[in-house]
Amino acid sequence: MFPENFDFDRMIPFASKAQVEENQENAEFLLVDIRSAPELEKEPLIRKDAYHIAWPMKSSQPAKDFVKSFDVMRTEGKKYVVVMCASGRRAYLAAKALRESLPELKTKIGVFQGGAGEWYGKGLLTRQNKLFFRHSYDKDGSSWTNTYLLADTETKEAVLIDSVYEQYERDMKQIKELGFKLKYLVETHVHADHVTASARIRANENRAKDAKHVVGSDAGVKDHKDVIKVQPGDLIEFGAHYLVAISTPGHTNGCMSYFLSDMSRVFTGDCLLVRGTGRTDFQAGDADAMYDSIQNRLYTLPDNVQVLPAHNYDGLTASSIKEEKQWNRRIAQGVERGKFVDTMNNLKLAEPRIMHIAVGLNLNLGNTDVIP
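My aim in this report is to walk through the structure given alongside it, one point at a time. Not measured: the values here are computed from a predicted model.

**Brief notes about the sheet that holds strand 14 (residues 256-260)**
What links the strands of a sheet is backbone hydrogen bonding, and the strands pair in either a parallel or an antiparallel sense. On the basis of which strands lie adjacent, the open sheet formed by 6 strands has the order 12-13-14-15-18-19 and mixed pairing. Bordering the open sheet on either side are strand 12 (235-238) and strand 19 (319-320), each of which pairs with just one other strand. Alignment of strand 13 (residues 241-247) against strand 14, held across 5 bridges, turns out to be antiparallel. Bridged to L243 within strand 14 is L260. Lying on the sheet, helix 4 (residues 89-101) is in contact with strand 12 and strand 13; it crosses strand 12 at an angle near 165°.

Right under this line is the structure:
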């Protein structure tokens, strides 16, 4: 059901409706349905042999209480466990809790993406019109950074990924015109070629005054009450949507990629680029770690997932997992680790023009007066 090389220690895979349908008769597959009794009355179990255990929604510690109630014996003889709820969010939290709290659980744990609603044609994947997506790039600032704005068009909650200081007015103009309210300012890593607009936006805009800064836990950003340091598998939620944090070190030791909950896009920062990769020769970069991040994590995502990097210098704004596995000039699928590491260690690239200014400022999210 899941790729054999999938990095289960750092990621939780999503199972599509087609995969679940293909494995309906698979005795090694256990479906765990965590919906409530009222939810089951509206949309019944999709497998007669499913293990039903309701997610304790009224509990103050739902994950902890769920794990306590889970019968590990039900997984005996099973190779795969797929958790489902109504939409996918609770299922992801449940799968994460099982993986982290039950080391004796030897089965591979995944999540049925879109949940029962998707099975019955009413789920998140059929409501993509409620997701706003906009791509912009930093032409004037010369870093050619891609910035991404995502929002739930019903709740108006928005996420801005990899903002650029010089593009502050452009991005906020869009957000105001569209009536969005920024919930998260997300960084894929501490950038060396531009200064983030994250702190500037939050300090000067009412539509962002409550926004949280999101960075990887190993990025080195200073602690602050408004900074969220995400771990692999953490969720960044906005309206009915969310991003899943995937640890992808290599360009820096703190790089994070973010996989969108409808399985349509992954924001790869400076790890996987279109037909290339980010460099690995500064900020604790590591070509060996990048090889694992791409081959054993990003390349295990579905082939049709769109790859959206933080940079492109050839005018190519997007790609797909399938394309990069086949055509990436540095790390196509099957490229040997040693060859890749040797290539990366001998690029002999010049330093980014403002690296020594940008890195220091970005460790403070763009403004030392705002984030002490």
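Additional details are given in the paragraphs that follow.
**Focus on the pattern of salt bridges**
Evaluated as defined, the whole model comprises 24 salt bridges. Between K209 and D210 there is a salt bridge, with the nearest N and O atoms lying 3.4 Å from each other. Judged by its relative accessible area of 46%, D210 falls in the partly exposed class. One salt bridge in this structure joins R275 and E323, with 2.9 Å as the shortest N-O distance. Placement of the pair is R275 in the loop between strand 16 (272-273) and strand 17 (276-277) and E323 in helix 9 (residues 321-327), with a sequence separation of 48 residues. For R275, a relative accessible area of 22% gives the class partly exposed. Through salt bridges with shared partners, a single ionic network connects R202, K212, K225 and D226.

**Remarks on the state of the cysteines**
Evaluation of the coordinates by the stated rule reveals 0 disulfides. Free cysteine C255: the closest other cysteine sulfur is in C271, separated by 6.6 Å. Assessed through its relative accessible area of 4%, C255 is described here as buried.

**Some thoughts on empty space enclosed by the protein**
Tallying each qualifying case throughout the model produces 1 cavity of 30 Å³ or more. Counted as a void, the largest cavity has a volume near 40 Å³. Around the largest cavity, the lining residues are R134, S136, T147, Y148, L149, L160, D171 and Q174. Contributing elements (two or more residues each) for the lining of the largest cavity: strand 6 (131-137), strand 7 (146-152) and helix 6 (168-178). The greatest single-element share of the lining of the largest cavity, amounting to 3 residues, is contributed by strand 7.

**Here's the deal with the packing of aromatic side chains**
For any pair of aromatic rings, geometry is given as the distance between the ring centres together with the angle between the planes. On inspection of all chains with the given rule, the structure shows 14 aromatic pairs. Ring centres of Y137 and W144 lie 5.6 Å apart, and the angle between their planes is 10°; on these two criteria the pair is classed as stacked. Through pairs of rings, three or more aromatic residues link up here, namely F14, Y92, Y242 and F259. Of note, K17 hangs over the ring of W119, and the distance from its end group to the ring centre comes to 5.5 Å. Directly above the aromatic system of Y165 lies the positively charged group of R200, at a separation of 4.5 Å from the ring centroid.

**Structural notes on the packing of helix 3 (residues 62-69) against helix 4**
Between helix 3 and helix 4, the least distance of the axes is 9 Å, while the angle of their chain directions is 65°. Between helix 3 and helix 4, the angle is such that the two are roughly perpendicular. Considering only the axes of helix 3 and helix 4, their crossing is right-handed. Counted together, A63, F66 and V67 of helix 3 and A94, A97, L98 and S101 of helix 4 form the full contact between these two elements.

Procedures and definitions
- Residues numbered from 1 in each chain as written.
- Predicted model: local features only at pLDDT ≥ 70, side-chain atom pairs only at ≥ 80, totals over all residues.
- Heavy atoms only, no water.
- Pairing = 2+ DSSP bridges.
- Helix = DSSP H or I, 4+ residues; strand = E, 2+ residues; numbered from the N terminus.
- Contact = heavy atoms within 4.5 Å.
- Axes fitted to C-alpha atoms, helices over the stretch in contact; angles between N-to-C directions.
- Salt bridge = Lys/Arg side-chain N within 4 Å of Asp/Glu carboxyl O.
- Buried < 20%, exposed > 50% of the residue type's maximum accessible area, 1.4 Å probe, protein only.
- Disulfide = S-S within 2.5 Å.
- 1 Å grid on protein atoms, 1.4 Å probe; cavity = no way out; pocket = protein on both sides within 12 Å on 5 of 7 lines; lining within 4 Å.
- Points joined across faces, edges and corners; volume = space filled by probe spheres on them.
- Phe/Tyr/Trp six-rings, centres within 6.5 Å; stacked < 30°, edge-to-face > 60°.
- Lys NZ or Arg CZ within 6 Å of the ring centre and 35° of its normal.
- Parallel < 35°, antiparallel > 145°, perpendicular 65-115°, else oblique.
- Left-handed = near helix turned anticlockwise from the far one by under 90°.

This is a description of form; function is not addressed.
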